[in-house]
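# Fold and geometry: a report
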Amino acid sequence: MRQQGDQQTISRITTGMPVIDADGIEVGTVDLVQRGDPNAVTVQAPSADPGSSLDELIESTAVEEPYVPADLAARLLHGGYLKVTTELAATGAVYVPADWVAAVDDGRVRLEVPVGDLPAEE
């Protein structure tokens, strides 16, 4: 079962580990490790209640990690992900879905994809 294997792999990753892409380029360092949760609540577009105050509306739309579009956030939350601090993205961070991790060896995280395929933090 691939997802179980992904979770075993991601459990061996710690913050501060260097991340290397499929082409051997150093992407950056692991900033956050999030194991997958198949029961994760996904974000849905808020429905505006005409009686709600502006503060309540803002609070209802506040998003926690990961800072990506809702469909990708749902995938990351369900499958697990890494947040990687990098100078290769304008926002300073990219996300790595757990199933894109090829291996964890020699204290490094090796990816199955090139850095250009990684979704940047918004």
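Please read all numbers here as calculations on a predicted model, not as lab measurements.

### Focus: helix 3 (residues 70-79)
Those residues of helix 3 that fall on the buried side of the exposure criterion are Leu72, Ala73, Ala74, Leu76 and Leu77. In this structure, the buried residues of helix 3 make contact with strand 2 (26-35), strand 3 (80-85) and strand 4 (93-97). Remark: glycine 80 follows helix 3 within two positions and exhibits a positive phi of approximately 95 degrees.

### A few points about the side chain of lysine 83
Its location among the elements puts lysine 83 in strand 3. A relative accessible area of 9% places lysine 83 in the buried class. Within polar-contact distance, the side chain of lysine 83 engages the side chain of glutamate 121 at 2.7 Å. Apart from the residues within four sequence positions on either side, lysine 83 is in contact with Thr29, Val30, Asp31, Leu32, Glu65, Tyr67, Ala93, Val94, Tyr95 and Glu121.

### What about the sheet that holds strand 4?
Strand-to-strand pairing in sheets goes through backbone hydrogen bonds, with the strands running parallel or antiparallel. Taken together, six strands build an open sheet; the order of strands is 4-3-2-1-6-5 and the sheet is mixed. Of all strands in the sheet, those bounded by a partner on one side alone are strand 4 and strand 5 (101-105). With direction set aside, neighbouring strand axes in the sheet form an average angle of 35 degrees. Docked against the sheet, helix 3 engages strand 2, strand 3 and strand 4, running at close to 110 degrees with respect to strand 3.

So, how was this worked out
- Along each chain, residues carry numbers from 1 onward, in the same order as the chain's sequence is written.
- Thresholds applied to this predicted model are a pLDDT of at least 70 for local features of residues and 80 or more for the giving and counting of side-chain atom pairs; totals over whole chains, interfaces and linings are not thresholded and use all residues.
- No hydrogens and no water enter the side-chain calculation; it runs on all heavy atoms of the structure.
- Accessible area is worked out with a 1.4 Å probe on protein chains only. A residue is then buried under 20% of its type maximum, exposed over 50%, and partly exposed in between.
- Only DSSP runs of H or I with at least four residues qualify as helices, and only runs of E with at least two residues qualify as strands; both kinds are numbered from the N terminus onward.
- The criterion used for residue contact is that any of the two residues' heavy atoms lie within 4.5 Å.
- A 3.5 Å cut-off defines polar contacts: any pair of N or O atoms within that distance qualifies, except that in protein one atom must be a possible hydrogen donor and the other a possible acceptor, and neighbouring residues in sequence count only when both atoms are side-chain atoms.
- Any two strands with at least two DSSP-identified bridges between them are counted as paired.
- Axes here refer to lines fitted to C-alpha atoms; in helices the fit is confined to the stretch in contact. Angles between the N-to-C directions go from 0 to 180 degrees.

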